[in-house]
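The primary structure of each chain is shown beneath.
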Number of protein chains: 2
Amino acid sequence: MIIALAGGVGGAKLADGMAQILGGDLTVIVNTADDFEHLGLSISPDLDTVVYTLAGIANPETGWGIAGESWRFLEQLARLGGPTWFRLGDRDLATHILRTERLKRGETLTAVTASLCERLGIAARILPMSDAPVRTIVETAEGPLPFQEYFVARHCAVAVKSFSFAGIEQARPSAAVVDALGTAPLQAIVVCPSNPFVSIDPILALPGMGELLRARGVPVVAVSPIIAGAAVKGPAAKMLRELGLAVSATGVAAHYRGLLKGMVIDTADAGLAADIEAMGIAVKVTPTLMRNATDRRRLAETCLAFAGTLAVK
Amino acid sequence: MIIALAGGVGGAKLADGMAQILGGDLTVIVNTADDFEHLGLSISPDLDTVVYTLAGIANPETGWGIAGESWRFLEQLARLGGPTWFRLGDRDLATHILRTERLKRGETLTAVTASLCERLGIAARILPMSDAPVRTIVETAEGPLPFQEYFVARHCAVAVKSFSFAGIEQARPSAAVVDALGTAPLQAIVVCPSNPFVSIDPILALPGMGELLRARGVPVVAVSPIIAGAAVKGPAAKMLRELGLAVSATGVAAHYRGLLKGMVIDTADAGLAADIEAMGIAVKVTPTLMRNATDRRRLAETCLAFAGTLAVK
């Protein structure tokens, strides 16, 4: 069994590569701190990106939403004067409406997600990090912004100062997450190439999660979301810069220090290996850009083999 | 000013004919007892049929929903295992989602409807009969059924015994309805050719509504929804039969007796005029089937002229 921690697009791609290899032997623990309520609907963007990607229905151009999506709802909503800054596709709405109703009936987000995964034919287990609401707040020069307002409405244009996760003290890893991290045959934990601050940190910040991750004694391996000083997608590089950190795999490694046994970095960043190894983190250099399914699978294989070499004897 | 009472398709068509003539001088009071909650959404089928019809976007084939509608949401909902017995179109969803959110924020159904009408360019005023929830319960041989379950899920196949309107004792005509019925230049009240039992009766059953309708002393004129012993659409004829009433314009006139000053019946039913007149109700015989916009306008003109002849001196 392999456990992956993932946020949005990059994380979903690597999770998909691992799912190609591992099928039901993969558990993906997904960030839910970017969840929000919009138009009365409970929306879980990272969770949906992972689900749609592993179901093979993700939109490859946008990185979010469903391939071949249509926008009749949004067009009519605009006509009726409703808010359109968050783009809800016609098919995508089925997920949100069904989830919202089931949550209101008292089902957990974990149970709702499991049901969606089953209907979409996903063999891997996709687990929301928590069944309690956690919401990323981006502290900016203009004051605090809810994450989706920062990310979607403001296009990440405001400089970030720090992040907080509202509700995190009351939240706990879900029972299914505790169970997955506690079960017997775990071989490695892979931190996917997702945004360290707003995708992975909320998972790590859950009370008790650090202990759960370390208690198993299995290697924790991260894949750098930064390649040659830039993020493949999203604001990770911009955030590193604004926070005064090194905009590189080294900066990411420093951020995760204490958690990682190994780090996978891109061939373009081979020159950073020594600095990262100096932190006591083993390094694997390999092409990490995932342009297609083959890339995903190949990177997944490399990560799993690398983690295998780091296993505690 | 003319006030129309309307339910679904037939009522919406005549209201549209009157709106063509009267524009902003028409107020349509619409049944909301067929409203229901589905998938967490507040759905108002009769209200939406009237709004879509007057906006010129109604689906002429189905009688409900929006013309040229697409069904991506429903297809995906089916794939995810959600309920599809009530067909929600992609564009139609914009109405339900926006309405649900605004109601939750504390807006009245009247205010939400006014906003939708404004955005859709409707000059006439469309008023929900009440801002309080009223729900038609169909008493059947198999026990009580919520209206939409009887109407949509069961296709009206179960025999009806009677109807009740849950919440009607606590409900009141909305402030806008009271205001419209109380304002100065009212010339007539037209009961549209809607189902007497489940579209018009809930409006009439609102506490205080009977007094409001009679207090003005303006003629109340109904258009029979039954032509030659059959309903143009919907279960009105079937209900008359199951309730042991005459399946004819005469049966409808008897049902409305005490309220009506006049009744408009179809040319095919000219032979019934004497029976209806014997109830003290003036009769106008004219073609009442509305196949197109011209039919709607012509029937509206006839109704308004007929009502004019009945005005209290």
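This write-up is about the structure you can find in this document. Bear in mind the structure is a predicted one, so any value in this text is a computation, not a measurement.

Cut-offs and rules
Residues numbered from 1 in each chain as written. Chains lettered and ligands numbered in written order. Predicted model: local features only at pLDDT ≥ 70, side-chain atom pairs only at ≥ 80, totals over all residues. Helix = DSSP H or I, 4+ residues; strand = E, 2+ residues; numbered from the N terminus. Rg over C-alpha atoms; globule rule 2.2 N^0.38 Å. Buried ≥ 20, exposed ≤ 12 C-beta atoms within 10 Å, placed from the backbone. Contact = placed C-beta atoms within 7 Å. Least-squares fit on C-alpha atoms with pLDDT ≥ 70 in both. Pairing = 2+ DSSP bridges. Axes fitted to C-alpha atoms, helices over the stretch in contact; angles between N-to-C directions. Right-handed = clockwise from strand over helix to strand, strands pointing away. Nonpolar A, V, L, I, M, F, W, Y, C, P; charged D, E, K, R; others polar. Parallel < 35°, antiparallel > 145°, perpendicular 65-115°, else oblique. Left-handed = near helix turned anticlockwise from the far one by under 90°.

Counting its regular elements, chain A contains 13 helices and 14 strands. What you see for chain A is a C-alpha radius of gyration of 19 Å, in line with the 20 Å of a compact globule of 313 residues. C-alpha extents for chain A along the principal axes are approximately 60 × 45 × 40 Å. Among the 313 residues that make up chain A, the fraction classed as buried is 51%. A separation threshold of at least 6 residues defines the contact pool for chain A, and within that pool the share at least 24 residues apart is 66%.

Let us now look at the relation of the copies chain A and chain B. With an RMSD of 0.0 Å, the fit of chain A onto chain B corresponds to turning through 180° and sliding 0.0 Å along the axis. The transformation relating the two chain copies, once decomposed into turn and shift, fits a two-fold axis. Judged by C-alpha distance, Asp90(A) is the residue of chain A that lies nearest the rotation axis, at 3.0 Å. Same-surface contact between copies: 100% of interface residues of chain A are shared with the interface of chain B.

This brings us to the sheet that holds strand β9 (residues 188-191) of chain A. All names here are of chain A. Judged by pairing direction, the sheet is parallel, and its seven strands sit side by side in the order β5-β2-β1-β9-β10-β13-β14 without closing on themselves. Among the strands making up the open sheet, the edge pair consists of β5 (125-128) and β14 (282-285). When strand polarity is set aside, the average angle formed by the axes of neighbouring strands in this sheet is 20°. Taken together, the five bridges between strand β1 (residues 2-6) and strand β2 (residues 26-30) define a ladder with parallel strand orientation. Its bridge partner lying in β2, Ile3 is registered against Thr27.

So, on to the pairing of β1(A). Residues and elements named next belong to chain A. Counting buried residues along β1, five of its five residues qualify, which places the element largely inside the surrounding structure. The two faces of β1 match: Ile2, Ala4 and Ala6 on one face and Ile3 and Leu5 on the other face are all buried. Of the strand pairs in this sheet, β1 and β9 are connected by four bridges, and their pairing is parallel. When the bridges of β9 are listed, Ile2 appears paired with Ala188. For the crossover that starts at β1, traverses helix α1 (residues 9-22) and ends in the parallel β2, the hand is right-handed.

Residues and elements named next belong to chain B. Its location among the elements puts Thr286 in the loop between β14 (282-285) and α13 (293-310). The class of Thr286 is partly exposed, set by 17 C-beta atoms lying within 10 Å. Other than its neighbours up to four places away in sequence, Thr286 contacts Val264, Thr267, Leu299 and Thr302.

This next bit is on helix α11 (residues 249-256) of chain A. Looking only at α11(A), the buried set comprises Ala249(A), Thr250(A), Gly251(A), Val252(A) and Ala253(A). Buried residues in α11(A) make contact with α8 (196-205), β11 (226-227), α10 (236-242), β13 (262-265) and α12 (273-277) of chain A.

This next bit is on the interface of chain A and chain B. Counting residues at the interface gives 24 residues for chain A, matched by 24 residues for chain B. Of all the secondary structure elements, the ones that give two or more residues to the side of chain A that touches chain B are α3 (72-79), α4 (90-104) and α5 (109-119) of chain A. Per-element accounting of the side of chain A that touches chain B gives the leading share, ten residues, to α4(A). Its residues assigned to classes, the side of chain A that touches chain B shows nine nonpolar, eight polar and seven charged.

Their axes nearest at 7 Å, the elements α4(A) and helix α3 (residues 72-79) of chain B cross at an angle of 50°. Taken together, the axes of α4(A) and α3(B) lie oblique to each other. Judged by the sense of rotation from one axis to the other, the crossing of α4(A) with α3(B) is right-handed. Seen from α4(A), the contacting residues are Asp90(A), Arg91(A), Leu93(A), Ala94(A) and Leu98(A); seen from α3(B), they are Arg72(B), Phe73(B), Gln76(B) and Leu77(B). Here the contact of α4(A) with α3(B) is composed, by residue class, of five nonpolar, one polar and three charged.

Quick look at the sheet that holds strand β6 (residues 135-140) of chain B now. Residues and elements named next belong to chain B. An order of β7-β6-β8 is seen for the three strands of this open sheet, with the pairing classed as antiparallel. Strands with a single pairing partner mark the edges of an open sheet, and in this sheet they are β7 (143-146) and β8 (160-166). Neighbour-to-neighbour, the strand axes of the sheet open up by a mean angle of 30°, direction not taken into account. The pairing of β6 with β7 spans four bridges and is classified as antiparallel. Paired with Thr140 across the bridge in β7 is Gly143. Lying on the sheet, helix α8 (residues 196-205) is in contact with β6 and β8; it crosses β8 at an angle near 40°.

Outside of glycine, negative phi angles account for most residues, and trans bonds account for most peptide bonds. Backbone geometry places His155(A), a non-glycine residue, at a positive phi of 50°. Among the secondary structure elements, His155(A) is positioned in the loop between α6 (147-153) and β8 (160-166).

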